[in-house]
Amino acid sequence: MDQREVFDRLNRVFREVFDDETIRVTPKTTADDIDDWDSLEHITLISAVEREFRMKFKMGEISSMKNVGEMARIVTERMKR
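Counting starts from 1 at the beginning of each chain's written sequence and moves along it residue by residue. With pLDDT at 70 or above as the cut-off, local features in this predicted model cover only qualifying residues; side-chain atom pairs require 80 or more to be listed or tallied, and sums for whole chains, interfaces and linings still use all residues. The basis for the side-chain values is all heavy atoms of the structure; hydrogens and waters are excluded.

**Q** Summarise the packing of helix 1 (residues 3-17) against helix 4 (residues 68-80); cite the residues concerned and give the values.
**A** The N-to-C vectors of helix 1 and helix 4 enclose an angle of 120°; their axes lie 10 Å apart at closest approach. In terms of axis orientation, helix 1 runs oblique to helix 4. In terms of crossing hand, the pair formed by helix 1 and helix 4 is right-handed. Within the contact between the two elements, helix 1 uses Gln3, Val6, Phe7, Leu10 and Phe14 and helix 4 uses Val68, Gly69, Met71, Ala72, Val75 and Thr76. The nonpolar class holds Ala, Val, Leu, Ile, Met, Phe, Trp, Tyr, Cys and Pro. Asp, Glu, Lys and Arg form the charged class, and all remaining residues, Gly among them, are polar. Looking at the contact of helix 1 with helix 4, its residues break down into 8 nonpolar, 3 polar and no charged. The axes are straight lines fitted to the C-alpha atoms, using for helices just the contacting stretch, and the angles between their N-to-C directions are given from 0 to 180°. Secondary structure elements follow DSSP: runs of H or I no shorter than four residues count as helices, runs of E no shorter than two count as strands, and numbering proceeds from the N terminus. When describing relative orientation, an angle under 35 degrees is termed roughly parallel and one over 145 degrees roughly antiparallel, while 65 to 115 degrees is termed roughly perpendicular and anything else oblique. The hand of a helix crossing depends on one turn: near helix anticlockwise from the far one by less than a right angle means left-handed, and clockwise means right-handed. Residues are treated as being in contact if the distance between any of their heavy atoms lies within 4.5 Å.

Here it is, written out as structure tokens:
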């Protein structure tokens, strides 16, 4: 799975979680860029991403994610295993 495919799938997840079809995530997208992205929605988002990619993030991975690019990097690395 390449980076483009990961971002396409992440876009779908973000649009579904935040109920906003205009969302287009980039590697630099952060919680500050999406109005409803608060700590509670973050939990929902992480869970939805885990379901989409059939994987579980480690706690250290979750706490280290500073932007969507880092999330995509972790997903991409996991998909290679």
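Let us keep going from here.
**Q** Could you give me a rundown of the packing of aromatic side chains, with the residues and numbers involved?
**A** Stacked, edge-to-face and tilted labels apply to pairs of Phe, Tyr and Trp rings (six-membered ring for Trp) whose centres lie within 6.5 Å, assigned for plane angles under 30 degrees, over 60, and everything in between, in that order. Evaluated as defined, the whole model comprises 3 aromatic pairs. Ring centres of phenylalanine 14 and phenylalanine 18 lie 6.0 Å apart, and the angle between their planes is 35°; this geometry places the pair in the tilted category. The buried label applies to any residue whose accessible area, calculated with a 1.4 Å probe on protein chains only, is under 20% of its type's maximum; exposed applies above 50%, and partly exposed to all values in between. Given a relative accessible area of 7%, phenylalanine 18 falls into the buried group. In this structure an aromatic cluster arises from ring pairing among Phe14, Phe18 and Trp37.

**Q** Let's hear about the pattern of salt bridges: which residues, and what values?
**A** It is possible for side chains of opposite charge to pair when their charged atoms get near one another. Whenever a carboxyl oxygen of Asp or Glu lies within 4 Å of a side-chain nitrogen of Lys or Arg, that contact is scored as a salt bridge. Overall, the coordinates contain 6 salt bridges when judged by the stated rule. One salt bridge in this structure joins aspartate 8 and arginine 4, with 3.0 Å as the shortest N-O distance. Taken together, the positions of aspartate 8 and arginine 4, both in helix 1 and 4 residues apart, correspond to about one turn of that helix. Here arginine 4 falls in the exposed class, since its relative accessible area comes to 57%. Put simply, glutamate 50 and lysine 56 hold a salt bridge, and the shortest N to O gap is 3.7 Å. A single network of salt bridges, built from pairs that share partners, joins Arg9, Arg12 and Glu52.

Just geometry here; none of it tells us what the structure is for.
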